[in-house]
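Given next are the chains, with one letter for each unit.
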Amino acid sequence: MNGASFDIAIVGGGPVGLTMAVALGRSMKGLRIALIDRRPFSVPRDQRASAIAAGVRRIFVELGVWTGMAIGAEPVRQMKITDSGTGDISRPLFLRFDGDVAPGEPFAHLVPNQLVAETLLGALGPDVEIIAPAEITGFTAGPASARLDLADGRTILAPLVIAADGANSALRRMADIEVIAHDYQQSGLVTTIMHELDHEGTAYEHFRPAGPFASLPLPGRRSSLVWTEGRARAEELKALPLEAVAEEIEAVMGSTLGKVTLEEGLQSFPLRLQVAKSFTAPRLALIGDAAHVIHPVAGQGLNLGLKDVAALAEVAVDAFRLGLDPGAADALERYQHWRRFDTALMSMVTDGMVRLFSNDVAPVRALRDLGMGVVDRLPPIKDFLIRRAAGLDSRGPKLLRGLPI
Amino acid sequence: MTDTTINPDEIAKFAAMADEWWDPTGKFKPLHKFNPVRLGYVRDKAIAHFDKDSTVRRPLEGLRILDIGCGGGLLSEPLARLGATMVGIDAGEKNIAIAKHHAEQSGLAIDYRATTAEALDATGEKFDVVLNMEVVEHVDNVPLYMKSCASLVKPGGLMFTATINRTPRAWALAIVGAEYVLGWLPKGTHDFSKFLTPDEISALCGRYGLKVVDKVGVVFHPLSDEWRQSRDLGVNYMVLAEKPQA
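Residues numbered from 1 in each chain as written. Chains lettered and ligands numbered in written order. Predicted model: local features only at pLDDT ≥ 70, side-chain atom pairs only at ≥ 80, totals over all residues. Heavy atoms only, no water.

Time to look at unusual backbone geometry. Residue and element names in this part refer to chain A. Cis peptide bonds are those with omega within 30 degrees of zero, and the linkage from alanine 132 to proline 133 qualifies with -5°. Phi is positive for glutamate 200, which is not a glycine, with a value near 50°. Of note, glutamate 200 is situated in the loop between strand S16 (179-195) and strand S17 (202-208). With relative accessibility at 62%, the residue glutamate 200 sits in the exposed group. In this model, arginine 283 sits at a positive phi of 65°, which is unusual for a non-glycine residue. A relative accessible area of 5% places arginine 283 in the buried class. (Helix = DSSP H or I, 4+ residues; strand = E, 2+ residues; numbered from the N terminus. Buried < 20%, exposed > 50% of the residue type's maximum accessible area, 1.4 Å probe, protein only.)

Okay, the interface of chain A and chain B next. Chain A puts 16 residues into the contact, and the matching count from chain B is 16 residues. Summed over both partners, the interface of chain A with chain B comes to about 1300 Å²; 59% of that surface belongs to carbon and sulfur atoms. For the chain A face of the interface with chain B, the top three residues by lost area are A:Lys29, A:Leu322 and A:Gly323, together amounting to 36%. The interface formed by chain A and chain B holds two salt bridges in total. Across the pair A:Lys29 and B:Asp53 runs a salt bridge whose closest N-O atoms are separated by 3.3 Å. The interface formed by chain A and chain B includes seven residue pairs in polar contact (both at pLDDT 80 or more). Elements with a contribution of two residues or more to the side of chain A that touches chain B: helix H8 (301-321) and helix H9 (329-357) of chain A. A class-by-class count of the residues in the side of chain A that touches chain B yields eight nonpolar, two polar and six charged. (Contact = heavy atoms within 4.5 Å. Buried area = accessible area lost by both parts, 1.4 Å probe. Salt bridge = Lys/Arg side-chain N within 4 Å of Asp/Glu carboxyl O. Polar contact = N/O pair within 3.5 Å; in protein donor to acceptor, adjacent residues only side chain to side chain. Nonpolar A, V, L, I, M, F, W, Y, C, P; charged D, E, K, R; others polar.)

This brings us to the pairing of strand S13 (residues 146-150) of chain A. All names here are of chain A. Of all five residues that make up S13, four are buried, and the element is covered over most of its length. Between strand S12 (residues 136-141) and the antiparallel strand that follows it, S13, lie four residues. The antiparallel hairpin formed by S13 and strand S14 (residues 155-158) contains four residues in its connecting segment, where glycine 153 sits at a positive phi of about 95°. (Pairing = 2+ DSSP bridges.)

Attention now moves to the environment of B:Ala12. Residue and element names in this part refer to chain B. Topologically, alanine 12 is positioned in helix H1 (residues 8-21). Its relative accessible area of 47% is what places alanine 12 among the partly exposed residues. Taking C-alpha positions, alanine 12 is 25 Å from isoleucine 68, a pair spaced 56 residues apart along the chain.

So, to be careful, I would describe these as geometric facts and stop short of saying anything about function.
Right under this line is the structure:
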């Protein structure tokens, strides 16, 4: 086969694909990495922020990129979960996750997406060859390498292709991997607010019948909001003037943050749960949203993708170190085995939370209030949930444990 | 192709057999499972001995390595990817044809020859590293074989020997377990009386001018489904010997 040969080809230059390229480049000198994207590489204009869980932050620390992100990061020191019916005025507190997963290590950090992209782009090693803008028109797995055909006629050969090309992954489709999907018939709404009172590093999660509403602390008296509404209601809200939206937000949040002003208009996206039936195909591994899209309720979407990176980078580097084929069936199986359980668990937990909380029937509310009360009074269960959400597991990938690959 | 006497049907047959050899989930799965631990040992010890850089993609660049009993090339190909100049020999013509076919497919230049250690030694060729992995338990004249292997090592070079110990546990695991219970290996693969102890291997190394510098056991961990290095030399083990500088 003719074409440019690489050791690994990563398709998709979002935070997950970029982290993959940095992780591989840092772990082995001289590894020939192709990073391909449909759009030219530049720092996106994106006002949003992502919650980076403690375990996942360790990946960034280990890769030497955390210092660049820390400048604009806000630690989440506690998480307060409330449950309220539509007409309730008070915001009863049912669950409170306090403090740090380890001394000096907060549960999570909010990092502006722009800063994440900028830091990762700056950290790409000399061995990463950027191929963009480039449209992929074909993927063929061969006995020793996979071939990617580009729209401009070029071909790229690599023993392993990594699909980090998002929820509508073209590579996933080309490899005939099906997805299991559930449409929540809801929209996610996102915006950034300024508020009168200090958030004190608190993330609030209000469970309402229409779906969860989360406020995540940003530097200063600012917070990032993510919440869900029915499709029609979401469109109504988007059509309102910003002041009116601010009033709606204050109504949900009660008095916690005082008066609220929107920094930008509402952005919306359809909510769905989508998990690929397989995370691998011959010479192909799916990571990030290409593998799974979960409900944003727990802020775990990007974290799951970065955990994929930690697992797959280790599997690939282990193979390269021994001169073995990183795209061979046994290597891919090791990756899939490592990530599948965690993804299934996280999808079920978030999906379960949505179903449980998006419900205004009194007995259901009574039951979940009881459940939350039990969780709140049993430190081991709470610890387990916190550690799980923070991505801390003892036998997980090395990067997640803060170790070099 | 220069050799025009090769029959196309034969090539097709070897291609099919190569696919079988190289399918990590197929007939040779046990060998694929075993491969990382021995590759890791060879890589790490060679890097340390020859003072190579362990952080690069091709750390074994500049080393000439001989793989005795190379089979389909399961050790030769990875080591070639790590930068070594590989020569693979096997007494079986079929294995050499399979290995050649696969290396070509992988885009790797490996010098495969259908010959024996004794015949190669007679030509006077020398190597930085000689791999004598899972062979000695199959040969008839062990002293002659070990003498040839040792002679193929350059002064200052290394020889790796991997084999199975002659203990009741080895009989239970490597013959009863692997051949009869688990079906990992075809029945009759191993003959217990031909197994050698680490002391016997060490004595043979010493007799032919090599100094044993390390011994390590290899043990299967069923829960993680992988082989790992161990201090237990009771069943599978590897011996590293070096030839002093002239």
